[in-house]
Amino acid sequence: MQTLSASLWRLRARVRVPATVISLAFLCGAALVACTERSVTDARGDGGPISFALTPEFHLLGSASQVAPINFARLTVFDADTRQVIAGPFVVPVDPNAAVFRLPVTFDLPSGAEDANVVVQVLLLNITNNVESVEWSGVTSTLHVQSGGEAPPAAQVQVFQGPPGNLAVTGVSIINKPTGTLTEGESIRLIAIAEGGTGSQIFWRSSNTAVATVDDAGLVQLLRDGVVSIVASAGPRSDGVAIAIGARAATIVISPATQRAFSFGEELQYSAIVRDARATVLANHSIAWSSDNESILQNLGNGRFVARADGNVTIRATSLAAPEITTTAAGDVRQRVFALRLDPTSVELTAIGQTQIFQAFGTDARGNNIVSPPVTWRSSNTAVFTIDAAGRVTAVARGSAAMTATSPDGPTA
């Protein structure tokens, strides 16, 4: 990209730039196609000699990385009123490393003419290995040139990326603008249409290449979270779209890593911390929760699970935006004895050696029955009644005793 600044060129012509800018549509007409290249020395007529300079003013709407070095310029002088070629096209060399481009325009006015209204088409070229590409194109405002007189400043000409057909473009539209929030790591191909002009070329630009890049074909690569503007341009016309990009989840950590419920109906609450590849916590990132056995721990959503039966389950948290990012935690349900009762509550044995089976029944903290809870049995007087691990009482002598069942969880009956 060339640095632009004002410069003076010693002229032998008087140059005036009116406020009115001519229509650009004629630049794509047959008159240009029929032109043949001539050198500066060939561009002479029988009228007065004209010589002045042009300084390109670059109007950058596309990406500067798409611009090849400029090493030549092709200039064509037209009569502003008749659109007929007065001189050119002729090619002048350009120093691609120059801070400012100054393009000499030298020609003779038509026979008998001392002044004229002209416009100059400027094509800035890259010619490498005999392959030519038009990098920039533009046309001056109407210039009133007059033979003789003091040299005025160099005239500026606004140039746009691409071929001269871009100068006649009347509108550019991106026809598939995305809505909503996209996710980093994704790509989307935008399609733009240019209206007007012949042989126009669309250029693409990203407002922030650290957030998203776009190539010559409109393929947008979303690199990280943020908001970026993608602009399609052709000549002086452009259209843009703002794309919101959300960060992609890279890791999920569930807390706590394991939990246990001790009563049916008890709820367990898990939480998940989601981070992106930069270890930034992603607040409000949508997570899908699941249990690998709903009959044991039923998923209530948002990390909540309710105990339904004893057993072990795997709890899984998955990013909705990036389903490949998932992690697990453990869930365990084991009813804990909160209260015990014995059946029967009392019994009278009438003979030595007679037996009686006692049963222990438990409930958890929510009143749910616990079938055959493990207990330890004890007789208060083993000289009268003994009791085994199964709760079987045997009378060994006359007297009385109390039978006690104790749960490992603490309660006794």
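See the structure above.
Residues numbered from 1 in each chain as written. Predicted model: local features only at pLDDT ≥ 70, side-chain atom pairs only at ≥ 80, totals over all residues. Heavy atoms only, no water.

Participant: Can you walk me through the sheet that holds strand 20 (residues 258–261) in this structure?
Facilitator: Across the sheet, four strands lie side by side as 20-27-26-23; this open sheet has mixed pairing. Strand pairing shows two members of the sheet lacking a second neighbour, strand 20 and strand 23 (287–291), which therefore form its edges. Strand-to-strand twist of the sheet, defined as the mean angle between neighbouring strand axes without regard to direction, takes the value 25°. Where strand 20 meets strand 27 (residues 326–333), four bridges bridge the pair, whose relative direction is parallel. Paired with Arg 260 across the bridge in strand 27 is Asp 332. (Pairing = 2+ DSSP bridges. Helix = DSSP H or I, 4+ residues; strand = E, 2+ residues; numbered from the N terminus. Axes fitted to C-alpha atoms, helices over the stretch in contact; angles between N-to-C directions.)

Participant: How do you make sense of the packing of aromatic side chains when you look at a structure like this?
Facilitator: The way to describe two aromatic rings as a pair is by their centre distance and the angle between their planes. The final tally for this structure, using the stated rule, is five aromatic pairs. The interplanar angle of 75° and the centroid separation of 6.5 Å between the aromatic rings of Trp 289 and Phe 305 together place this pair among those described as edge-to-face. Here the residue Trp 289 occupies a position in strand 23, and Phe 305 occupies one in strand 25 (residues 304–307), the gap between them amounting to 16 residues. You can call Trp 289 buried: its relative accessible area is 13%. Looking at Phe 305, the relative accessible area reads 0%, which means it is buried. A connected cluster of aromatic rings, assembled from ring pairs, spans Phe 58, Phe 101 and Trp 136. Against the face of Phe 262 rests Arg 336, its NZ or CZ located 3.8 Å from the ring centre. (Phe/Tyr/Trp six-rings, centres within 6.5 Å; stacked < 30°, edge-to-face > 60°. Buried < 20%, exposed > 50% of the residue type's maximum accessible area, 1.4 Å probe, protein only. Lys NZ or Arg CZ within 6 Å of the ring centre and 35° of its normal.)

Participant: Any chance you could explain the environment of Glu 132 here in plain terms?
Facilitator: In this fold, Glu 132 is placed in strand 7 (residues 131–139). Considered as a pair, Glu 132 and Phe 72 are 60 residues apart in the sequence and their alpha carbons are 9.7 Å apart. Beyond its immediate stretch of four places on either side in the chain, Glu 132 contacts Arg 74, Leu 125, Asn 126 and Ile 127. One polar contact links Glu 132 to Arg 74, side chain to side chain, over a distance of 2.9 Å. (Contact = heavy atoms within 4.5 Å. Polar contact = N/O pair within 3.5 Å; in protein donor to acceptor, adjacent residues only side chain to side chain.)

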